[in-house]
Amino acid sequence: MSHSTVPRSGTEADTTEKTPVASGGATGSRQKRPSAKVSLRLRFGRDRVLLLMTLPAVLLVLLFNYVPILGNIVAFQDYDPYISDNGIVSMLHSPWVGIENFQRVFEDSAFWDAVRNTLVLFFLQLVLYFPIPIGLALLINSVVRPRVRALSQAILYLPHFFSWVLVIAVFQQLFGGAGILSQLLRQHGYDGLDIMTDPNTFKFLITAQSVWKDAGWGIIVFLAALSSVSPDLYEAAAMDGAGRWRRMWHITLPALRPVIALLLVLRVGDALTVGFEQILLQRDAVGPGAAEVLDTFVWWNGVRNQDFGYAAAAGLIKGVVSLGLVLAANKVAHLMGEQGVYKK
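In this text the structure is predicted, and so the values were computed from the model without any measurement.

**Topic: the confidence of the model for the chain**
A residue-level look at the chain finds 88% of positions with pLDDT of 70 or above and a mean pLDDT of 81. Across residues 1–30, confidence stays below pLDDT 50; counting only partners more than four residues off in sequence or on other chains, it has seven contacts.

**With respect to the nonpolar core**
Core analysis: the biggest nonpolar cluster contains 21 residues, and Leu121, Phe202, Val274 and Ile279 have the highest contact counts within it. If you list the elements that add at least two residues to this core, you get helix H6 (109–129), helix H9 (164–175), helix H11 (202–226), helix H13 (244–269), helix H16 (288–291) and helix H18 (308–335). Ranked by the residues each element gives to this core, the list is headed by H9, at four residues. Setting aside residues up to four positions removed in sequence, valine 274 forms contacts with Thr118, Leu121, Phe122, Arg267, Ile279, Val293 and Asp295. Val74, Tyr79, Leu272 and Ala314 belong to the second largest nonpolar core, which has 16 residues in total.

**Describing the packing of H6 against H13**
Two elements in contact, H6 and H13, have axes whose closest approach is 11 Å; the angle formed by their N-to-C orientations is 165 degrees. If you check the angle between H6 and H13, you find them roughly antiparallel. In the crossing of H6 with H13, the sense of the turn from one axis to the other is right-handed. Between H6 and H13, the residues in contact are Phe122, Gln125 and Leu126 and Leu264, Arg267 and Val268, respectively. Of the residues belonging to the contact of H6 with H13, the class tally is four nonpolar, one polar and one charged.

**Let's talk about a nonpolar patch on the surface**
A grouping of Leu52, Leu55, Val58, Leu59, Val61, Leu62, Tyr66 and Ile69 is seen on the molecular surface, where their side chains present a nonpolar patch of about 740 Å² in accessible area. Locating isoleucine 69 in the fold gives a position in the loop between helix H3 (48–66) and helix H4 (87–93). Take isoleucine 69: its relative accessible area is 45%, and that puts it in the partly exposed class.

**Describing the pattern of salt bridges**
One pass over the full model with this rule turns up seven salt bridges. The shortest N-O distance in the salt bridge between arginine 104 and aspartate 307 comes to 2.6 Å. Note that arginine 104 is positioned in helix H5 (residues 100–107) and aspartate 307 in the loop between helix H17 (294–304) and H18, a separation of 203 residues in sequence. Overall, the relative accessible area of 23% leaves aspartate 307 in the partly exposed class. The salt bridge involving aspartate 214 is made with lysine 213; its shortest N-O contact spans 3.8 Å. Judged by its relative accessible area of 8%, lysine 213 is buried. Residues joined in a network through salt bridges with shared partners are Arg283, Asp284 and Glu292.

**Comments concerning the packing of H5 against H18**
Relative placement of two packed helices is described by the angle separating their axes and the distance separating the axes. Relative to each other, H5 and H18 sit at 75 degrees, their axes nearing to 9 Å. Comparing the axis directions of H5 and H18 gives the class roughly perpendicular. The residues of H18 that touch H5, namely those facing Asn101, Phe102, Arg104, Val105 and Phe106, are Gly309, Tyr310, Ala313, Ala314, Leu316 and Ile317. Looking at the contact of H5 with H18 residue by residue, the class counts come to eight nonpolar, two polar and one charged.

Cut-offs used in this document
Residues numbered from 1 in each chain as written. Predicted model: local features only at pLDDT ≥ 70, side-chain atom pairs only at ≥ 80, totals over all residues. Heavy atoms only, no water. pLDDT = per-residue confidence, 0-100. Contact = heavy atoms within 4.5 Å. Core = buried A, V, L, I, M, F, W, Y, C linked by side-chain atoms within 4.5 Å. Buried < 20%, exposed > 50% of the residue type's maximum accessible area, 1.4 Å probe, protein only. Helix = DSSP H or I, 4+ residues; strand = E, 2+ residues; numbered from the N terminus. Axes fitted to C-alpha atoms, helices over the stretch in contact; angles between N-to-C directions. Parallel < 35°, antiparallel > 145°, perpendicular 65-115°, else oblique. Left-handed = near helix turned anticlockwise from the far one by under 90°. Nonpolar A, V, L, I, M, F, W, Y, C, P; charged D, E, K, R; others polar. Patch = residues over 30% accessible without salt bridge, like charges linked within 9 Å, V, L, I, M, F, W, Y side chains within 5 Å. Areas by Shrake-Rupley, 256 points an atom, 1.4 Å probe, with all protein chains shown as cover. Salt bridge = Lys/Arg side-chain N within 4 Å of Asp/Glu carboxyl O.

Structure, rendered in structure tokens:
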């Protein structure tokens, strides 16, 4: 009887391919060959459309974020912008002073007062402001009705579009010397209250304004992270007897951990940047002793006093310290098993 020439079935063929081909330690399947490395030229050809789409954004970042870094040379000069109408010519002809500007910064007590106010504001906002968007996102995510959830998110997100001038005006009408709260207290026989000009409560006022204006923006990030959690996990946990709090602790919060770690790293990097426009608008009301931070310190000395080299030195110190804080916070995130800003 002649042998059949009909090809074997796919199942039989797959079984034959998966049989061991070598003795001792064979896994029963063919080992995958390492994929060939794609050359840079092929990658450019493959991704040329995506690269062209990102090119305008890259040019804008280079133009407005990296090219101005060259202006830090002013920190080592006694910069005089009136030497020439061209700023580059003025930098080339301004006298060099070395590290004299940095010595002046470190010896200035006003600089250290600004550092202290900046750090106090940062810790207050980290403790009081940072957890609030997380809690609000968890609260909105627990709402069953989609319309109520969407309406709540829109109401909380709306103040993000208000300018700081409008935000401060609203707080002035509520907590100022002639505001609603003061008028209500006077009508009941109490003394009026002017929180807007009280240096002792100014830092808490700034934090409250930031929470009211930008908490809705943070909610969006956390809700996006929660949308990736499979509902099957909650159903399985509920069938196993887990209550609402245990489901939140073992499912919801672990899903938010990478986002929380990333935003925390970025927030630590912005520790020395605590709202320039917001504080500048209210600086004169409470005085520089309570409201002066590093950004307003640089602006006041550089723009108002026209001591450009001194202000550039203070700004450069702030930038270097902020970079170090980002790298340190990102390292801590890696040690905790999170990705952070970039992978290892």
